[in-house]
Amino acid sequence: QVQLVESGGGLVQAGGSLRLSCAASGRTFSSYCMGWFRQAPGKEREFVAAIRQSGSSTVYADSVKGRSTISRDNAKNTVYLQMNSLKPEDTAVYYCAAAPYIGSWHTDFASWGQGTQVTVSS
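Let me sum up the structure you'll find in this document. (Residues numbered from 1 in each chain as written. Predicted model: local features only at pLDDT ≥ 70, side-chain atom pairs only at ≥ 80, totals over all residues. Heavy atoms only, no water.)

A full pass over the atoms with the stated rule returns one disulfide. The partner cysteine of cysteine 22 in its disulfide is cysteine 96, sulfur to sulfur 1.8 Å. In this structure the cystine formed by cysteine 22 and cysteine 96 twists about its S-S bond by roughly 45°; its chirality is therefore right-handed. One end of the pair, cysteine 22, is in strand 3 (residues 18-24); the other, cysteine 96, is in strand 9 (residues 92-99), and 74 residues separate them in sequence. Of the two residues examined, cysteine 22 and cysteine 96, each falls in the buried class. Lacking any disulfide linkage, cysteine 33 is separated from the closest cysteine sulfur, that of cysteine 96, by 14 Å. Accessibility expressed as a relative area gives 2% for cysteine 33, which makes it buried. (Disulfide = S-S within 2.5 Å. Helix = DSSP H or I, 4+ residues; strand = E, 2+ residues; numbered from the N terminus. Buried < 20%, exposed > 50% of the residue type's maximum accessible area, 1.4 Å probe, protein only.)

This is how it looks when you write it as structure tokens:
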């Protein structure tokens, strides 16, 4: 498994922007698909965005599509989530995940970070 550490969360006003980062350890970062998930209190963890190993393909949840951009820098072993036009409903703990292929997030092959809190005030 790859070790993941999220950062960049914080408190922002509605309409503001935030860039989350996920730093990965190890030497095989580029072999993983990377994803962002979030979980609000009392809610199930939900998918936000994912990016393939090369960064050539991305996918977004409808809730963030058009407002968010996932990217990766394989040289830095880091994946990012740029979030714009933030809404109070974006408030959640955001987690990054690494998986051998998109769709394997909820398997033993996936690695997860500890999460970073994003709070959007109205």
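Here the narrative resumes.
Relative to the elements of secondary structure, proline 88 occurs in the loop between strand 8 (78-83) and strand 9. Linking proline 88 and glycine 115, residues 27 residues apart in sequence, is a C-alpha distance of 18 Å. Those residues in contact with proline 88 that lie beyond four places of it in its chain are Ala14, Val120 and Ser122. (Contact = heavy atoms within 4.5 Å.)

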